[in-house]
Amino acid sequence: MQILEEIAPLLRSLAASSHVYASWGAISKATVAEEVFALGMVAQDDWAHQAVAGAVGPASAREIEAAFRPVDAEGAIELMTNLSAFDLVYSRSLLRDRDHAERAATRVAKLLGRGTSWVTNTEGMGNGRAWTPVTRHGIDVVVAGTTAEHFVILLALGDD
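Throughout this document, residue positions are counted from 1 along each chain, in the order its sequence is written. The predicted nature of this model means local features are confined to residues of pLDDT at least 70 and side-chain atom pairs, given and counted, to a pLDDT of 80 or more, with totals for whole chains, interfaces and linings taken over all residues. Remark: hydrogens and water are excluded; side-chain values derive from all non-hydrogen atoms of the structure.

Chemist: Help me understand the environment of Met41 in this model?
Modeler: Mapped onto the elements, Met41 comes out in helix H2 (residues 32–46). Between the alpha carbons of Met41 and Arg136 there is a distance of 9.5 Å; along the sequence they are 95 residues apart. Numbering of helices and strands runs from the N terminus, with a helix taken as a DSSP run of H or I at least four residues long and a strand as a DSSP run of E at least two residues long.

Below, the structure is given as structure tokens:
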């Protein structure tokens, strides 16, 4: 459990903005898609006031799993950094110290190790704006890492 004890404050720090959610824990019977679905439900409830009437999103973990694309550790660090530091809708709007977010994201990836399997719902990195929704909100980006023992998830929402 020592890894989770160190990961917990790092992920809380990365999710310090109201639009970013984090989850972490020991691998159980739930898949990473099920964990993302559960976190997405929490986020959707919190953001219900922002949802467009009639908006729909994935109704199952299976739909979320279909949205996942593999990403390498470097890409996962970049995603975690950007999700924490920048607003999804107004990408030039800095929400917090980018250097801090990068240090925290790098440490999370290092703690999980080289064998971590990383996924995201985005297609392409950098200025790419293509994603497959995992919630009912206008914009959402998720990055998740799993090892044989642990998982981490960072989910950011925005409505344009």
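Additional details are given in the paragraphs that follow.
Chemist: Would you explain the pattern of salt bridges in this entry?
Modeler: Working definition: two side chains of opposite charge can pair if their charged atoms are close together. Salt bridge criterion: a side-chain nitrogen from Lys or Arg within 4 Å of a carboxyl oxygen from Asp or Glu. Per the stated rule, a full pass over the model turns up two salt bridges. Across the pair Glu6 and Arg107 runs a salt bridge whose closest N-O atoms are separated by 2.6 Å. Of this pair, Glu6 sits in helix H1 (residues 2–14) while Arg107 is found in helix H5 (residues 98–112), placing the two residues 101 residues apart along the sequence. Using a relative accessible area of 32% as the deciding quantity, one classes Glu6 as partly exposed. With a closest N to O distance of 3.4 Å, Arg98 and Glu102 form a salt bridge. Here Arg98 pairs with Glu102, and both are found in helix H5, just four residues apart, close to one helical turn. Judged by its relative accessible area of 30%, Arg98 is partly exposed. Relative accessibility thresholds used throughout: buried, under 20% of the residue-type maximum; exposed, over 50%; partly exposed, between the two (1.4 Å probe, protein chains only).

Chemist: Would you mind going over the confidence of the model for the chain with me for this structure?
Modeler: Low pLDDT marks stretches whose predicted atomic positions should not be read closely. On average, residues of the chain score 87 in pLDDT, and 92% of them reach the 70 mark or higher. A score from 0 to 100, pLDDT tells how confident the predictor is in each residue. Of all secondary-structure elements in the chain, the lowest mean pLDDT belongs to strand S5 (residues 130–131), at 74, while H5 reaches the highest, 97.

Chemist: Hey, could you run me through H5 in this one?
Modeler: One turn of the α-helix equals 3.6 residues, which is why residues spaced by three or four share an orientation. Given a rise of 1.5 Å per residue, 15 residues ought to cover 21 Å, and the 21 Å separating the end C-alpha atoms of H5 matches this to within 8%. Buried within H5 are the following residues: Ala101, Ala104, Ala105, Val108, Ala109, Leu111 and Leu112. Each buried residue of H5 lies within a common arc of 165 degrees when the element is viewed along its axis, so the set occupies one face. Among the exposed residues of H5, those pointing more than 90 degrees away from its buried face are Arg103 and Lys110. Looking one or two places after H5, you find Gly113, whose phi comes out positive at around 100 degrees. Helix span is expected to be 1.5 Å times the residue number reduced by one. Throughout, the arc means the angular range of directions from the helix axis out to the C-beta atoms.

Chemist: How should I be thinking about H1 in this particular structure?
Modeler: Counted at 1.5 Å a residue, the expected span for H1 with its 13 residues is 18 Å, and the 19 Å between its end C-alpha atoms agrees. Any pair of residues with heavy atoms lying within 4.5 Å of one another is described as a contacting pair. Of the surrounding secondary structure, the elements contacted by the buried residues of H1 are strand S1 (20–26), helix H4 (73–85), H5 and strand S7 (150–158).

Chemist: I tried to follow the sheet that holds strand S2 (residues 69–71) on my own but got confused; where do I start?
Modeler: The strands making up a sheet are joined through hydrogen bonds of the backbone, oriented either antiparallel or parallel. Taken together, the five strands give an open sheet; going across it, the order is S1-S7-S6-S3-S2, and neighbouring strands pair in antiparallel fashion. Both edges of this open sheet fall to S1 and S2, since each of them pairs with a single strand only. Here the average twist between neighbouring strands, direction ignored, is 20 degrees. Between any two strands, pairing holds if DSSP finds at least two bridges. Note that S1 and S7 share seven bridges and pair antiparallel. Counterpart to Trp24 in the pairing with S7 is Val152. To get an axis, fit a line to the C-alpha atoms, keeping to the stretch in contact for a helix; angles then go from 0 to 180 degrees between the N-to-C directions. Relative to S1, H1 is tilted by about 175 degrees, and along the sheet it contacts S1 and S7.

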